[in-house]
Amino acid sequence: MSDMDMAEAERKDLAALLAGLTPQQWQMPTLCDRWTVKDVVAHMISYDDLGPTGLAMRFVRGRLLWANQAGVDEFASYSPDQLLELLTTHLRPRGLTAGFGGMVGLVDGTIHHQDIRRGLGIPRQIPPQRLHRVLTAVRPNPRLGVPWRIRGLRLEATDLDWSTGKGLLVSGPGEALLMAMTGRRGIIAELTGPGRARLAGRIGD
């Protein structure tokens, strides 16, 4: 599957989850600081229909660093049903999320899907091919802070053939490594190895 195909499949999986949530679950917190399930869904689709001008205006309104929150705020009046309808009509990423052949949408969609599921206590097994691709894609991503966070560490997945880096070993399920690499708290207990404490310190966990 291409990155775009996997990004679309990830959004389909998320839409299936969201369709079964209660109104109360839509208001539950996620692993994204200060964002509810509703906020995360709004964020995920907030860039799809922006052209260059709209994107520039978004960054102006958000004063660059808060552009993501500006996008969430634009959808604040939408109900969960309306957001779900928008997601189902945007299953194939477009605009900014279609960047790099769909990789932006794949990475963003997979991580935020897990932000939601972990916040709700609803685990899942990410398809191995999809998880391997996202782990590889986030490894060099400075925007997510990954290179700094895992510097001097070797990460090894215990449930698929993936590893990266040199140094003190940190091992565990690929999904847990992904979430820790991207700075999510509450994951460290699922990992093992002599490098775990160093990674925990960089996450603030």
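All of these numbers come straight from a predicted model, not from anything done at the bench. (Residues numbered from 1 in each chain as written. Predicted model: local features only at pLDDT ≥ 70, side-chain atom pairs only at ≥ 80, totals over all residues. Heavy atoms only, no water.)

1. So, the nonpolar core
Selection criterion: As used in this record, nonpolar core signifies buried Ala, Val, Leu, Ile, Met, Phe, Trp, Tyr and Cys residues forming a set joined through side-chain atoms within 4.5 Å. The classification of residues rests on relative accessible area computed with a 1.4 Å probe and restricted to protein chains. Under 20% of the type maximum is buried, over 50% is exposed, and intermediate values are partly exposed. Helix and strand definitions follow DSSP, with helices as H or I runs of at least four residues and strands as E runs of at least two, each counted in order from the N terminus. An automatic or database domain assignment supplies the residue ranges for each domain. Only heavy atoms matter for contacts: two residues are in contact if any of them lie within 4.5 Å across the pair.
Grouped together as the largest cluster of nonpolar side chains are 32 residues, with contacts concentrated most on V138, L155, W162, L178, M181, L191 and L199. Looking at this core, the elements with two or more residues in it are α1 (3-19), α7 (103-120), α8 (128-138), β1 (153-157), α10 (174-181) and α11 (196-203). Here the element with the most residues in this core is α10; it accounts for 6 residues. When residues of this core are sorted by domain, at least three fall in each of domain 1 (3-120) and domain 2 (134-203). Excluding residues that lie within four positions of it along the chain, M181 makes contacts with L135, V138, R139, V146, R149, I150, L155 and W162. Core analysis: the second largest hydrophobic core is formed by 22 residues, L14, A15, W26 and C32 among them.

2. Let's talk about the domain arrangement of the chain
Counted only if it meets this: Buried area: the accessible area, evaluated with a 1.4 Å probe, that two parts lose upon being put together, summed over both parts. We count a salt bridge whenever a side-chain nitrogen from Lys or Arg sits within 4 Å of a carboxyl oxygen from Asp or Glu. Identification of polar contacts relies on pairs of N or O atoms within 3.5 Å, with a donor-acceptor requirement for protein atoms, meaning one able to donate a hydrogen and the other able to accept it, and with residues adjacent in sequence counted only if both atoms are side-chain atoms. Under this grouping Gly is polar, as are all residues other than the nonpolar Ala, Val, Leu, Ile, Met, Phe, Trp, Tyr, Cys and Pro and the charged Asp, Glu, Lys and Arg.
Its domain assignment divides the chain into domain 1 (3-120) and domain 2 (134-203). Between domain 1 and domain 2, the residue contacts involve 11 residues of the former and 13 residues of the latter. Summing both sides of the interface, domain 1 and domain 2 together bury roughly 920 Å²; the carbon and sulfur share of this comes to 66%. For the pair domain 1 and domain 2, the number of links is 3 salt bridges. For E190, the salt bridge is made with R118, and the minimal N-O distance between the two is 2.9 Å. There are 4 residue pairs in polar contact (both at pLDDT 80 or more) connecting domain 1 and domain 2. Looking at the side of domain 1 that touches domain 2 residue by residue, the classes come out as 6 nonpolar, 3 polar and 2 charged.

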